[in-house]
Amino acid sequence: MSLTRAKEHLKNYGLAGDIMEFGVSSATVQEAAIAVGCKEQEIAKTLSFYVGESPILIVVAGDCKIDNGKYKAEFSTKAKMIPFEEVESAVGHAVGGVCPFGINDGVTVYLDCSLKRFDYVYPACGSSNSAIKLSIAELEKTSGYKKWIDVCKNV
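Only a predicted model underlies this, so the values are computations on that prediction, with no experimental measurement involved.

Undergrad: Sorry, what's going on with the pairing of strand S6 (residues 120-123) here?
TA: Successive side chains on a regular strand alternate, one facing one side of the sheet and the next facing the other. Sheet topology places strand S2 (residues 43-51) next to S6; 2 bridges connect them, and they run parallel. Bridging from a neighbouring strand, Ile43 pairs with Tyr122 of S6. Where S6 meets strand S8 (residues 134-135), 2 bridges bridge the pair, whose relative direction is antiparallel. Note on S8: the bridge partner recorded for Tyr120 is Ser135.

Next comes the structure, spelled out in structure tokens:
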């Protein structure tokens, strides 16, 4: 169902046909890079957090992790990831396929500046065996992001 939601969303931009579906898992950055045939840092992983009661998504480069100090400076609160069992109901996609496409109403999307060093990135598309190749401009257009933020550090 999540893949269907992502496809419907991307259809609005003429990109539904560009979704890649794999016969292997792409649920982790390492698995996705192997499935896609790219570097791990080019995987655009989507992390889910609560800010207060509100779910947010932050799309970051595959070789980065959240810097707690930067996160707190941006959101005025500690980073609180959405618990595994709540992710799908909170954002519309299950862990392993979380992406900014076809998400629940009220979920705010942010793009981390760690992605800006790439011409193309590969976010998931709602399932643990899918991805799409997008330019940064396409990611901006299709994600409905609120703004670019700087909340990551390299792993």
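Undergrad: What is the right way to look at the nonpolar core in this model?
TA: Among the nonpolar cores identified, the biggest contains 43 residues, and Ile58, Phe101 and Leu115 are the most heavily contacted of them. Setting aside chain neighbours within four positions, we find Leu115 in contact with Ala44, Val59, Val60, Ala61, Val121, Ile136, Leu139 and Trp148. Membership of the second largest hydrophobic core comes to 10 residues, among which are Ala33, Val36, Ile43 and Ala131.

Undergrad: Can you walk me through the sheet that holds strand S3 (residues 54-61) in this structure?
TA: Strand pairing within a sheet occurs via backbone hydrogen bonds; the two strands may be parallel or antiparallel. Strands sit in the order S8-S6-S2-S3-S5-S9 across an open sheet of 6 strands; the sheet is mixed. Unpaired on one side and paired on the other, S8 and strand S9 (147-149) mark the two borders of the sheet. With 8 bridges joining them, S2 and S3 adopt antiparallel strand pairing. The residue bridging Phe49 from the neighbouring strand is Ile56, located in S3.

Undergrad: I'm lost on unusual backbone geometry in this one. Help?
TA: With glycine set apart, most residues show a phi of negative sign, and most peptide bonds adopt trans. Unusually for a residue other than glycine, Ser76 sits at a positive phi of about 55°. Note on placement: Ser76 falls in the loop between helix H3 (68-75) and helix H4 (87-91). Judged by relative accessible area, which is 65%, Ser76 ranks as exposed.

Undergrad: Just checking my understanding: could you explain the environment of Ala61 for this structure?
TA: Residue position: Ala61 is located in strand S3. Residues Ala61 and Ala94, spaced 33 residues apart in sequence, show a C-alpha to C-alpha distance of 19 Å. Non-local contacts of Ala61, meaning those with residues more than four positions away in its chain, are made with Gln41, Ile43, Lys45, Ser114, Leu115, Arg117 and Phe118.

Undergrad: Would you explain the pattern of salt bridges in this entry?
TA: Pairing between side chains becomes possible if they bear opposite charge and their charged atoms approach one another. In the structure shown here, the tally under the stated rule is 5 salt bridges. In this structure, the salt-bridge partner of Glu21 is Lys7, at a minimum N-O distance of 3.1 Å. Here the residue Glu21 occupies a position in strand S1 (residues 20-21), and Lys7 occupies one in helix H1 (residues 2-11), the gap between them amounting to 14 residues. Here Lys7 falls in the partly exposed class, since its relative accessible area comes to 30%. Between Glu8 and Lys11 there is a salt bridge whose closest N-O contact spans 3.3 Å. Taken together, the positions of Glu8 and Lys11, both in helix H1 and 3 residues apart, correspond to about one turn of that helix.

Rules of the game
Residues numbered from 1 in each chain as written. Predicted model: local features only at pLDDT ≥ 70, side-chain atom pairs only at ≥ 80, totals over all residues. Heavy atoms only, no water. Pairing = 2+ DSSP bridges. Helix = DSSP H or I, 4+ residues; strand = E, 2+ residues; numbered from the N terminus. Core = buried A, V, L, I, M, F, W, Y, C linked by side-chain atoms within 4.5 Å. Buried < 20%, exposed > 50% of the residue type's maximum accessible area, 1.4 Å probe, protein only. Contact = heavy atoms within 4.5 Å. Salt bridge = Lys/Arg side-chain N within 4 Å of Asp/Glu carboxyl O.

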